[in-house]
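Remarks on the overall topology
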Amino acid sequence: MRAPMPSSTDLASPAATCPLPAAARTATPAVCYHCHQPVPAGSRWLDTHADGDRHYCCAGCQGMAALVAAAGLDAFYARSRTGGSPARPATDSAAARDAEALAIAARTAGAIVARADGSEEASLLIEGLHCGACVELIERWLARQPGIVDARLNMMTARMQVRWDPATTNLATVLQAVTSLGFRAQPYDRARREAGAQRSDRAALTRAAVAVLAMMQVMMFAVPAYISHDGVAPEYQALLARVSLVLTLPVVVYCAWPLFAGAVRDVRARRLGMDVPVTLGIAIAFAASVHATVTGRGALYYDSVTMFVALLLCARYLETRARRRAGDAIEAIAPALPGTADRLRADGSVACVAASTLAPGEHIRVAAGATIPVDGVVVAGRARVSEAVLTGESWPQPKGPGDAVLAGSLNGTSPLTVEVRRAGERTSLSALARLVDRAAAARPAAAAWASRVAAWFVAGQLAVALAATLWWWPRDAALAVRIGIAVLIVSCPCALALAWPAAIASAVGGLARRGSLVVRDHALDTLARVTTVAFDKTGTLTQGRIALRDVRTTRADIDAPRARAVAAALEAGSDHPLAAALRDAAPDAALQATNLAGVTGCGVEGDVDGRHYRLGKPGWALGACARPATATEVAALADLDDDATIVALADADGLCAAFALADTLRPSAHAMVVQLKAAGLRVVLLSGDREPAVAHVAHALGIDAWRGDCMPDAKCDAIRALQRGGDVVAMVGDGLNDGGALAQADAGIVFGRAAAATQWAADVVLLTPDPAAIAGLLASARRTRRVIRQNLGWALAYNAVAVPLAIAGALTPLVAAVGMSLSSVLVVANALRLLRTRATPAGSA
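In this text, all values refer to a predicted model and were calculated from it rather than measured experimentally.

**Notes on the overall build of the chain**
- Counting its secondary structure elements, the chain contains 30 helices and 29 strands.
- Here the chain holds 845 residues, and 51% of them are scored as buried.
- Considering only contacts in the chain between residues 6 or more positions apart, those separated by 24 or more positions represent 68%.

This is the structure we're talking about:
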């Protein structure tokens, strides 16, 4: 994530805000400094600079100029005034200049990311989205623009990932292309998204409230005509019709304006969107009602128009709120990084700067308790840092000079000086967030098919409405109009278009809440079809660290606690993993060792309580005793597990104790394997560890198929063999040697602490070290598939029933309005069930 773009108020310099003399205020130039448009006489928007006063036609132009100045790019204006040729032809329109200024500021703030293939990528916030048709319109429109490689818009977060060829186009052109459709596009940041969402909610709620109030009044005036047996007197009927017209007019002109704007946008793009039939129905019903009011002949549909607009606006408001819940869950995968950082100057002083503007090689100071804003390397200081946001490891890790730290990590104890390696959108956290957002915005081939069907559905809907009207017209013109309106209103392509994206975004958001980040667009679809799950052993099914598994003593003068205490004393100064495991096995030991001496490849020896001991390889340790090993000592060593590392403790009298150290199983691993097998999935263990160690883990967990001593290419071969047999394979690993197997598998799953190269080969990143999350992940994928099928089934069934009823005249426009509004709400509400965090069996489908 990156810091919010500064506002014009934040960027205004002291010089820009100082009061001006009256003469300067009256001498208004002919054109605006920013957009070259005429400046109104007596304009109050001006800045004072060393090169003179700068006048503007509005506050917006003043803000854009401040943004360019803050980026240190005033040459942009000088170039345009002296006739210099910019990188690409620029127009004199305010929209084009605003887009150019935003693009310059975005590049300065590090919001444009250069990719390895030479293309550039940026995240944009799109405002003005209403439904799935808006998403498809923008994506298709951008796909036609030269130089744009890829554009994916996530409706739930209103965030678009767009990639382009810098040799052909630039970000300013992309922004203008989106703006030309009637939407608003600008570089993405979370604060701007939240502020825009609040403005949009207020506007939508106001329109809906006005429509509901008007609907209630119009319905009150329509009630007499519905309940009266003798009818309403003509003079009163005419009065009620005129009052209803006055009340309906603001509903059509103000409340329904977003619907008409969307329809015009679709027509301009030569596409039949979902607002087209809706607005046609509203326009025809309103026009017929006005005609009946003026002439005194014909049916009135004011009640239908106001109710339809009110219900539709309320339904869309609820849909928007529901989509935002899913979007918030996706956004929550990573905390917002600090907007500023304390950069160290050469003289040792500190300057507070925008974190996104930091360059590699610069040094920053991170206070205790602060979030680290960049990826970098510690150059001074020692502290414990929590990297839970990226690795899922809740226990803070010690960091010192030379250790890498990641953006989003929390410095828990002491100040650190960090050398910047990556900042802004280039950090690992931002890259991971982009991958998750791209996956949430992605639409499988079947989803794209549903969107195309929805577009053809609109065309068919218009044709059916016209045919039904023409067929009924000779029989009853008034009924024909009512049926045409009902057909236009009742059918609901929105539900069909929302079936996939609503479910996918909700599922991605729900999984993110549980610490499972879906980073590839096909992941959920593939995981729902998985038949075999292959596991690496170390760090996946096991803890990935050595622990004492067993201890055997051979003499009465030394018991197990005493043996552990002596071993801990001898290993007190060693950083070897086996030494750490022995120390951890006796945390309360108070013994002290003296005369310590380490022997490379053998072990350590020293004195404890006046007695000389050797601790290490059995053969070397037993060398402390002049006599050969006894049968009891040999039996004690042979009795320990074959897969464990054996460490012997001996003195001059012979073997004192034998320790078995090995990697330990994760507590939930066995339950996870049982759950997967109960769901009908095959579980396979592929490990590069020794055969005895792999066999021990497989038997302990109940895994029937396993292979040890697997080199990386052998893991790939094993997965290919499973795929040739018809299996859909998910691979779970976390080591660099698992990268090939993860890429070969149909779906790759890694833990957050995995190496970066391994994460990039994966489809899902788990931020929790708990293997139980894997069973939950597969369950959620199958549940998502089920919800998608339910949504599609409902959309098709609803239209199959409602449209024939409307054609037959069995549905009034009023009933059609209710049915159409509720249909879309039901689809979104069903998809939102995927946000729930309750566990489900992996096999539920």
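Structure's up, so let's keep going.
**So, the packing of aromatic side chains**
- According to the stated counting rule, one finds three aromatic pairs in the structure shown.
- Aromatic side chains F286 and Y302 sit 6.4 Å apart centroid to centroid with 65° between the ring planes, which places their arrangement in the edge-to-face category. Residue F286 is found in helix 12 (residues 275–295), and its partner Y302 is found in helix 13 (residues 302–331); the two are separated by 16 residues along the sequence.
- Here the guanidinium or amino end of R207 rests over the ring plane of Y254, the centre of that ring lying 4.6 Å away.
- A cation over a ring is seen here: R475 above W471, with NZ or CZ 3.6 Å from the ring centre.

**Here's the deal with the nonpolar core**
- Residues L527, F535 and L676 are the most contacted members of the largest nonpolar core, which totals 48 residues.
- Each of domain 3 (199–331 + 439–504 + 813–835) and domain 5 (515–541 + 666–782) accounts for three or more of the residues forming this core.
- Among residues more than four places away in sequence, those in contact with L527 are A730, A747, I749, V764, L777, L778 and A781.
- Grouped together as the second largest cluster of nonpolar side chains are 45 residues, V309, W472, I485 and A802 included.

**Here we look at the sheet that holds strand 25 (residues 682–686)**
- Pairing in this open sheet of seven strands is mixed, and the strands run 17-29-28-27-18-25-26 from one edge to the other. Edge strands, defined here as strands with exactly one partner in the open sheet, are strand 17 (516–518) and strand 26 (705–707). The sheet shows a mean angle of 20° between the axes of neighbouring strands, direction not considered.
- Where strand 18 (residues 532–535) and strand 25 come together, four bridges link them in parallel fashion.

**Re the pattern of salt bridges**
- A full pass over the atoms with the stated rule returns 18 salt bridges.
- For the salt bridge of R422 with D375, the shortest nitrogen-to-oxygen distance reads 3.2 Å. Residue R422 is located in strand 16 (residues 416–422), and its partner D375 is located in strand 11 (residues 375–380); the two are separated by 47 residues in the primary sequence.
- Three or more residues joined by partner-sharing salt bridges are found here, namely R555, D557, R611, D651 and D653.

**A short note on the pairing of strand 9 (residues 350–354)**
- Here strand 8 (residues 340–344) pairs with strand 9 via five bridges, running antiparallel. Within strand 9, the residue paired with A341 across the bridge is V353.
- Taking the residues between adjacent antiparallel strands as the criterion, strand 8 and strand 9 are bridged by five residues, where G348 takes a positive phi near 90°.

**Brief notes about helix 21 (residues 577–584)**
- For helix 21, the set of buried residues is A579, A581 and L582. Axial view of helix 21: buried residues confined to an arc of 160°, hence all on one face.

**Some details on the environment of L596**
- Looking at the secondary structure, you find L596 in strand 20 (residues 593–599).
- Among the residues examined, L596 registers a relative accessible area of 43% and is labelled partly exposed.
- It is 9.7 Å that separates the C-alpha atoms of L596 and V608, two residues lying twelve residues apart in sequence.
- When neighbours within four sequence positions are excluded, L596 is seen to be in contact with L570, V604, E605 and G606.

**Here's the deal with the sheet that holds strand 10 (residues 363–366)**
- With respect to topology, six strands assemble into an open sheet ordered 9-8-10-16-11-14, the strand pairing being antiparallel. Edge positions in the open sheet fall to strand 9 and strand 14 (404–405), since each of these has one partner strand only.
- Examined bridge by bridge, strand 11 and strand 16 share five bridges and lie antiparallel to one another. By the bridge assignment, V378 is partnered in strand 16 with V418.

**Describing the side chain of T526**
- Mapped onto the fold, T526 is located in helix 19 (residues 523–527).
- On the accessibility criterion, T526 (6% relative accessible area) is buried.
- Those residues in contact with T526 that sit more than four places away from it in its chain are V728, D746 and A747.

**Considerations on the confidence of the model for the chain**
- In the predicted model, the chain carries a mean pLDDT of 76, and 75% of its residues have values of at least 70.
- Per-element confidence in the chain ranges from a low mean pLDDT of 34 for helix 2 (residues 14–17) to a high of 92 for strand 18.
- In the predicted structure, residues 1–28 sits below a pLDDT of 50 and forms 52 contacts with residues beyond four places in sequence or in another chain.
- Here residues 79–92 is a poorly scored stretch, pLDDT under 50, and it has 20 contacts once near neighbours within four places are set aside; other chains count.

**Describing helix 10 (residues 234–255)**
- End to end, helix 10 covers 30 Å across 22 residues, agreeing with the expected 32 Å (1.5 Å per residue, within 8%).
- The largest bend in helix 10 is about 25°, located at T248, with the proline P250 one to four residues further on.

**Let's talk about the packing of helix 10 against helix 12**
- Close contact between helix 10 and helix 12 brings their axes to 10 Å; oriented N to C, the two are set at 155°. It follows from the interaxial angle that helix 10 and helix 12 lie roughly antiparallel. Of the two possible hands of crossing, helix 10 and helix 12 adopt the one that is left-handed. In this structure, helix 10 uses A241, R242, L245, T248, L249 and V252 to contact helix 12, whose residues at the interface are I282, F286, V290 and T293.
- For the contact of helix 10 with helix 12, the residue count by class is seven nonpolar, two polar and one charged.

**Looking at unusual backbone geometry**
- Phi is positive for N595, which is not a glycine, with a value near 55°.
- Residue placement: N595 occurs in strand 20.
- You will see that D609, though not glycine, has its phi angle at about 55°, which is positive.
- By the secondary structure assignment, D609 is in the loop between strand 21 (603–608) and strand 22 (611–616).

Analysis parameters
Residues numbered from 1 in each chain as written. Predicted model: local features only at pLDDT ≥ 70, side-chain atom pairs only at ≥ 80, totals over all residues. Heavy atoms only, no water. Helix = DSSP H or I, 4+ residues; strand = E, 2+ residues; numbered from the N terminus. Buried < 20%, exposed > 50% of the residue type's maximum accessible area, 1.4 Å probe, protein only. Contact = heavy atoms within 4.5 Å. Phe/Tyr/Trp six-rings, centres within 6.5 Å; stacked < 30°, edge-to-face > 60°. Lys NZ or Arg CZ within 6 Å of the ring centre and 35° of its normal. Core = buried A, V, L, I, M, F, W, Y, C linked by side-chain atoms within 4.5 Å. Domains from an automatic or database assignment. Pairing = 2+ DSSP bridges. Axes fitted to C-alpha atoms, helices over the stretch in contact; angles between N-to-C directions. Salt bridge = Lys/Arg side-chain N within 4 Å of Asp/Glu carboxyl O. Arc of directions from axis to C-beta. pLDDT = per-residue confidence, 0-100. Expected span 1.5 Å × (residues − 1). Bend = angle between axes of the 7 residues up to and from the residue. Parallel < 35°, antiparallel > 145°, perpendicular 65-115°, else oblique. Left-handed = near helix turned anticlockwise from the far one by under 90°. Nonpolar A, V, L, I, M, F, W, Y, C, P; charged D, E, K, R; others polar.

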